[in-house]
Amino acid sequence: MSPRLLLVDDDQDIRTIACMTLERLGGWEVIRAASGSEALVCARESGPFDAVLLDVMMPGMDGPSTLLELQAEDLVANTPIVFLTAKVQVAEREHLISIGAAGVIAKPFDPLTLSNELQQIVQNRLAQD
Amino acid sequence: MIRRPRTSLLALGAFVAIYLSWQLLHWIPGSRQSIGDLLILPVDGAAMTTAWWASRRCSDSQRLRLFWRLLALALAAELTGDVIQVLYEVGFRRSPYPSLADPFYLAFYPLLLIALLRVPVAVVSPTKLLKTILDGTTIVIGGGAIVWYFVLGPTAVEGGQSTLAMAVSMAFPVGDLFLLAGLAAVLLRHGPQTLASPLRLITAAVLLGILADVLYGSGQLQGTYTSGDWIDTLYVLEFATFALAGISQRPVSTEQSSGEVSDPAGSSSRASWLPYVSVAIALGVLLGVERGDPFFPNVSLVLIVIVLGVLVAVRQYIAQRELLHTQAALRESERVKDEFLSIAGHELRTPLTSIRGSLGLLDAGVLGKLPKEAENMVAIAVLNTDRLVRLINDILDIERMAAGRLSLDPVKLDVRDLVGQSIQVVQASADAAQIELQSDVEPLMVLADGDRIVQAVVNLLGNAVKFSEQGSVVKVKVSLAGQNALFSVADTGRGIPADRLESIFERFRQVDTTDAREKGGTGLGLPIARGIVEQHGGRMWAESEPGVGSTLRFSLPLAARPLAGSEHGVVQHTPSAPRPPGRLEGGVL
């Protein structure tokens, strides 16, 4: 059975592309959510996942808040969370790691390597645990 | 009529020279008084005439024309007074005081004051206006103290004068005081640019006049003054300076350039030293005064000093508050700019992510093989999207650096790793250009943000590759230099002219402006590299011999001593099989 990934991004085009590259090149089974609250619903109904790919800047509930909510409801206890962000400043990255992210992938991502990057981060996290 | 400035200047200078030589040598025989009075007339006339000419040169600016006309009128009043004085002296051989000349002399003051107040000045904020008023008051009190001590006070206690004579004697210094206030009102605000140099000369003239009046007044009191006295020299100089002011007025063609006065930031500091000079002079004079002077008791002395002190303190307080306000506004605008950049960066990257993603999938053939021509088109689109992404990243980086907000995460790193990673990034484009990358790196440890230093080295390498000929070699070296690791990237390209060695580190500067298009650079690589190195406490510079090549060097402070027992190795990075240019990431277009 292929690994299951929850993809959360408010931009539909990015969801489509990320989904295509992750499914075709990475062999993931991707469940998509368009917002933080949708992500919570997905996590409650069809969790747990093998990984969560979470956009940082989203209207309403942003990425970090979504992560905190997921943690509060204990929906992602052993799931590596990876952020997708256009902000690549060191301070930003450190902040995201400090709240429990397994890694950060910069936007715009390269569709050919996205899946590998994600795989790398997930494996590193699992190796740590 | 003499209308050409140079001729006017020569005539004026010649006359002043004649007058001065007469004062010194008395080479004209006859009554000193009459000749002195006669010699003042030409310079009065010159001042009046040049002011009138100046008004005609300002025909397109209503307000400037009015200013010069009023000034000409004031000078005409002075001239009339002098003509009457000459008639008394020469015609009737007597010099009554007060005389019919005095109303004209006195008319000079209000007319000049009105002229000064008609000078268009910038509309200013209430704070600035308050500051101007405080400065003006300080100047007038300081000047007033001097005028009172030398002229008004002695005149008031002087017996044996008619009331009229006393009133006239006191009117002159009082007029001077008002002029001083008027000058302060004009000088402490921002006047029109076109009037700047005439206004400076008018200020000098008025100050000369005030000095002359004070000396004249005290000379009259002591009965030592007669027409033709050396004090008259000051009056001659005063009116010669007025004439110079008239001559210095340049023609004004439009209302726009003269009547409109902008109030640029920092204009408040213009002439703001005046109050302090005034306070200094007043204090100097007052402290020199003997104690127990009947008309100038110590109490008023102390009072004046206190008032001046308070005025200056209040002004200082207001200026300080204004400064704080400006700083706060500046910080706020910095914050807004930062936020804007952050949002703009995000907003630009979001659509680019989709574009880059779709193109990347098409380009890689994930969705099936494309026809040959379509493949080329997609490859071009991918390259340019990458270039756009780099440009956005570079602009954001450079803005962060300018704002001092580039955050670093320094850890102890081996320079060999840094150089190795950098070469890895550039290898593909070097291969495509068939350029060999060689490295010769000593094992040194630096305290640095690895990603950022790699970015800097990549920028230098990218630059070197871009400007190198096919088949040439780009060498990276790192060696120990004192307490620093000295990095150098040398190419054998066309070199950089000596006068451009610094400007290549300026934003969007490339030695040849066509390079930006041909070489596909952002023009920001080197400035960013230098910014990164400087933030690490290092230095970056370029050396070059045109035609032979360039070497860009930078230093990074060492974290500790060199690693013990490490091998000093030379690594060769030979080009691998060239790939089609279209396949490159971050490559040359």
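Definitions and limits used
Residues numbered from 1 in each chain as written. Chains lettered and ligands numbered in written order. Predicted model: local features only at pLDDT ≥ 70, side-chain atom pairs only at ≥ 80, totals over all residues. Heavy atoms only, no water. Helix = DSSP H or I, 4+ residues; strand = E, 2+ residues; numbered from the N terminus. Contact = heavy atoms within 4.5 Å. Buried area = accessible area lost by both parts, 1.4 Å probe. Salt bridge = Lys/Arg side-chain N within 4 Å of Asp/Glu carboxyl O. Buried < 20%, exposed > 50% of the residue type's maximum accessible area, 1.4 Å probe, protein only. Patch = residues over 30% accessible without salt bridge, like charges linked within 9 Å, V, L, I, M, F, W, Y side chains within 5 Å. Areas by Shrake-Rupley, 256 points an atom, 1.4 Å probe, with all protein chains shown as cover. Pairing = 2+ DSSP bridges. Axes fitted to C-alpha atoms, helices over the stretch in contact; angles between N-to-C directions. Core = buried A, V, L, I, M, F, W, Y, C linked by side-chain atoms within 4.5 Å. Phe/Tyr/Trp six-rings, centres within 6.5 Å; stacked < 30°, edge-to-face > 60°. Lys NZ or Arg CZ within 6 Å of the ring centre and 35° of its normal. pLDDT = per-residue confidence, 0-100.

**A word on the side chain of S555(B)**
1) Next: Topologically, S555(B) is positioned in strand β7 (residues 549–557).
2) Next: Residue contacts for S555(B): discarding those within four places in its chain leaves N484(B), A485(B), L486(B), V533(B), G538(B), R539(B) and W541(B).

**Concerning the interface of chain B and chain A**
1) Next: Taken together, the contact between chain B and chain A spans 24 residues of the former and 21 residues of the latter.
2) Next: Carbon and sulfur atoms make up 66% of the surface buried where chain B meets chain A, a total of about 2,000 Å² over both sides.
3) Next: At the junction of chain B with chain A, the criterion picks out one salt bridge.
4) Next: The shortest N-O distance in the salt bridge between D110(A) and R356(B) comes to 3.9 Å.

**Observations concerning unusual backbone geometry**
1) Next: Put simply, K107(A) and P108(A) share a cis peptide bond, and its omega is -5°.
2) Next: Positive phi outside glycine occurs at Q434(B), with the angle close to 55°.
3) Next: Among the secondary structure elements, Q434(B) is positioned in the loop between α13 (415–432) and β2 (436–441).
4) Next: Q434(B) sits in the partly exposed class, given a relative accessible area of 37%.

**Digging into the environment of P527(B)**
Residues and elements named next belong to chain B.
1) Next: Locating P527 in the fold gives a position in helix α16 (residues 525–535).
2) Next: Among the residues examined, P527 registers a relative accessible area of 10% and is labelled buried.
3) Next: Ignoring anything within four residues of it in the chain, the contact list for P527 reads I398, M401, I504, F505, E506 and R507.

**Notes on the pattern of salt bridges**
All names here are of chain A.
1) Next: Within the structure shown, the criterion is met by 16 salt bridges over all chains.
2) Next: The salt bridge involving K107 is made with D55; its shortest N-O contact spans 3.0 Å. Here D55 lies in strand β3 (residues 51–55) and K107 lies in the loop between β5 (103–106) and α5 (111–128), a separation of 52 residues in the sequence. Across this residue pair, the class does not change: K107 and D55 are buried.

**Considering a nonpolar patch on the surface**
Residue and element names in this part refer to chain B.
1) Next: Side chains of I18, L24, L25 and W27 sit close together on the surface and give an oily, nonpolar patch of about 460 Å² of accessible area.
2) Next: Looking at where I18 falls in the secondary structure, it is placed in helix α1 (residues 5–25).
3) Next: Relative accessible area serves as the criterion here: at 39%, I18 is assigned to the partly exposed category.

**Overview of the sheet that holds strand β4 (residues 81–85) of chain A**
Residues and elements named next belong to chain A.
1) Next: The five strands are arranged β2-β1-β3-β4-β5 in an open sheet whose pairing can be described as parallel. The open sheet terminates on both sides in strands that have one partner only, identified here as β2 (29–33) and β5. Recorded for the sheet is a direction-independent mean angle of 20° between the axes of neighbouring strands.
2) Next: Relative to β5, β4 is paired through four bridges, and the arrangement is parallel.

**Let's talk about the nonpolar core**
All names here are of chain B.
1) Next: Judged by nonpolar contacts, the single largest core of 67 residues is most densely connected at F67, W68, I202 and F242.
2) Next: Residue assignment for this core shows that the elements contributing at least two residues are α1, α2 (32–57), α3 (62–92), α4 (101–117), α5 (126–157), α6 (163–187), α7 (196–222) and α8 (231–248).
3) Next: The greatest single-element share of this core, amounting to 11 residues, is contributed by α3.
4) Next: Beyond its immediate stretch of four places on either side in the chain, F67 contacts A115, L116, V119, L195, L199 and I202.

**A short note on the packing of aromatic side chains**
Residue and element names in this part refer to chain B.
1) Next: The tally for this structure, following the rule as stated, stands at 10 aromatic pairs over all chains.
2) Next: Taking 5.7 Å as the distance between ring centres and 75° as the angle between the ring planes, the aromatic pair formed by F108 and Y109 counts as edge-to-face. Per residue, the accessibility class of F108 equals that of Y109, and both read buried.
3) Next: Centre to centre, the rings of Y216 and Y235 are 6.3 Å apart; their planes meet at 80°, and the pair counts as edge-to-face. Taken together, the residues Y216 in helix α7 and Y235 in helix α8 connect sequence positions 19 residues apart.
4) Next: One aromatic cluster is present, built from ring pairs that chain together F108, Y109, F172, Y216, Y235, F239 and F242.
5) Next: A cation over a ring is seen here: R530 above F505, with NZ or CZ 4.0 Å from the ring centre.
6) Next: Above the ring of W541, the side-chain terminus of R539 is found at 4.4 Å from the ring centroid.

**Notes on the confidence of the model for chain B**
All names here are of chain B.
1) Next: The pLDDT averaged across chain B works out to 78; a share of 81% of its residues lies at or above 70.
2) Next: Here strand β8 (residues 569–573) stands out as the element of chain B with the lowest mean pLDDT, 41, in contrast to strand β5 (residues 484–490), whose mean of 92 is the highest.
3) Next: Counting interchain partners and residues more than four positions distant, the pLDDT-below-50 stretch residues 255–270 has 40 contacts.
4) Next: Between residues 562–589, whose pLDDT stays under 50, and residues either more than four places distant or in other chains, the model counts 58 contacts.
5) Next: Across the predicted assembly, pTM comes out at 0.51 and ipTM at 0.78.

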